[in-house]
Amino acid sequence: MDISTLNTEELLERADILYSFNMLFSDYEQTLRDYGNGVLMTMSEIHILDYINEKPGITAAEIADHFLITASAVSQVLSRLEKRAYITREHQSGKKKLIYPTEIGTRLCNNHRAFDIQALSKTYNYLLRDCLPEEIQTFYKVMKVYNNIMLAGRRKRLVKSTG
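Attention here is on the structure that accompanies the text. This is a predicted model, so every value here is computed, not measured.

Scoring rules and cut-offs
Residues numbered from 1 in each chain as written. Predicted model: local features only at pLDDT ≥ 70, side-chain atom pairs only at ≥ 80, totals over all residues. Heavy atoms only, no water. Axes fitted to C-alpha atoms, helices over the stretch in contact; angles between N-to-C directions. Helix = DSSP H or I, 4+ residues; strand = E, 2+ residues; numbered from the N terminus. Parallel < 35°, antiparallel > 145°, perpendicular 65-115°, else oblique. Left-handed = near helix turned anticlockwise from the far one by under 90°. Contact = heavy atoms within 4.5 Å. Nonpolar A, V, L, I, M, F, W, Y, C, P; charged D, E, K, R; others polar. Buried < 20%, exposed > 50% of the residue type's maximum accessible area, 1.4 Å probe, protein only. Pairing = 2+ DSSP bridges. Expected span 1.5 Å × (residues − 1). 1 Å grid on protein atoms, 1.4 Å probe; cavity = no way out; pocket = protein on both sides within 12 Å on 5 of 7 lines; lining within 4 Å. Points joined across faces, edges and corners; volume = space filled by probe spheres on them.

### Structural notes on the packing of helix H2 (residues 43-54) against helix H3 (residues 60-67)
Next, step 1: Interhelical geometry of H2 versus H3 gives an angle of 120 degrees and a closest axis separation of 11 Å. Compared by their axis directions, H2 and H3 come out oblique. Taken as a pair, H2 and H3 cross one another with a handedness that is right-handed. Contact with H2, carried on its side by His-47, Ile-48, Tyr-51 and Ile-52, involves Ile-63, His-66 and Phe-67 of H3 and no other residues of that element.
Next, step 2: Among the residues forming the contact of H2 with H3, the class breakdown is five nonpolar, two polar and no charged.

Written as structure tokens, this is what we have:
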């Protein structure tokens, strides 16, 4: 479908769908969950821990760059993860600290992977009630392209703001 064939109402309806999805997903992301160890965590916390588990010895700045969040936000999450004994920070020369998962943190990441597989399978089955498998594949393709568009826009804004 050519975008020029859509009227203003259809365009605004699509914008509302995106906005609604964004708000609902943001709420979903902040929901506290037990990923298998009896401790409630947000999706952001567990995904940062997963990233540390995948890249032991990473720095907070690298985490901030990867997740497109501020150094302050990363610092807050790292403090919570360290307090719960999921990570350790090893001081290097200067201010630099390397971050490593603990054995407990690695176990939790494994639990999280199982949790995600179960949750994603359940979601996929819900989607199949109203969508064909090909439509779901197309949705993920569109989301990937949309992410790339959003990342390019973010890079442009960062370049403009740094002058």
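From this point, the discussion proceeds with the structure in view.
### Some points on the packing of H2 against helix H4 (residues 71-83)
Next, step 1: Relative orientation of the contacting elements H2 and H4 amounts to 80 degrees, with a least axis distance of 10 Å. Considering the angle they form, H2 stands roughly perpendicular to H4. Between H2 and H4, the contacting residues are Glu-45, Ile-48, Leu-49 and Ile-52 on the first element and Val-77, Leu-78, Arg-80 and Leu-81 on the second.

### Overview of unusual backbone geometry
Next, step 1: Notably, Leu-68 is not glycine yet its phi reads approximately 60 degrees, a positive angle.
Next, step 2: Take Leu-68: it is sitting in the loop between H3 and H4.
Next, step 3: Take Leu-68: its relative accessible area is 37%, and that puts it in the partly exposed class.
Next, step 4: For Ala-85, which is not glycine, the phi torsion reads 70 degrees and is therefore positive.
Next, step 5: Looking at where Ala-85 falls in the secondary structure, it is placed in the loop between H4 and strand S3 (87-91).
Next, step 6: Judged by its relative accessible area of 33%, Ala-85 falls in the partly exposed class.

### Considering the pairing of strand S4 (residues 97-101)
On a regular strand, each side chain points to the face opposite its neighbour's, so the side chains alternate between the two faces of the sheet.
Next, step 1: As paired strands, S3 and S4 are joined by five bridges and run antiparallel to one another. Bridge assignment links Thr-88 to a residue of S4, and that residue is Tyr-100.

### Points about helix H5 (residues 103-128)
Next, step 1: The terminal C-alpha atoms of H5 lie 38 Å apart, and with 26 residues this matches the ideal 38 Å at 1.5 Å per residue to within 8%.
Next, step 2: Taken as a whole, H5 has its buried residues at Gly-105, Leu-108, Cys-109 and His-112.
Next, step 3: Here the buried face of H5 lies against strand S2 (40-41) and H2.

### Concerning the layout of surface pockets
Gaps between atoms show up when a probe of the same size as a water molecule is rolled over them.
Next, step 1: Roughly 160 Å³ of volume is contained in the second largest pocket.
Next, step 2: Lining the second largest pocket are Asp-50, Asn-53, Glu-54, Cys-109, Asn-110, His-112, Arg-113, Asp-116 and Ile-117.
Next, step 3: Listed by contribution, the elements that provide at least two residues to the lining of the second largest pocket are H2 and H5.
Next, step 4: A total of six residues in the lining of the second largest pocket trace back to one element, the largest contributor, which is H5.
Next, step 5: Looking at the lining of the second largest pocket, its residues break down into two nonpolar, three polar and four charged.

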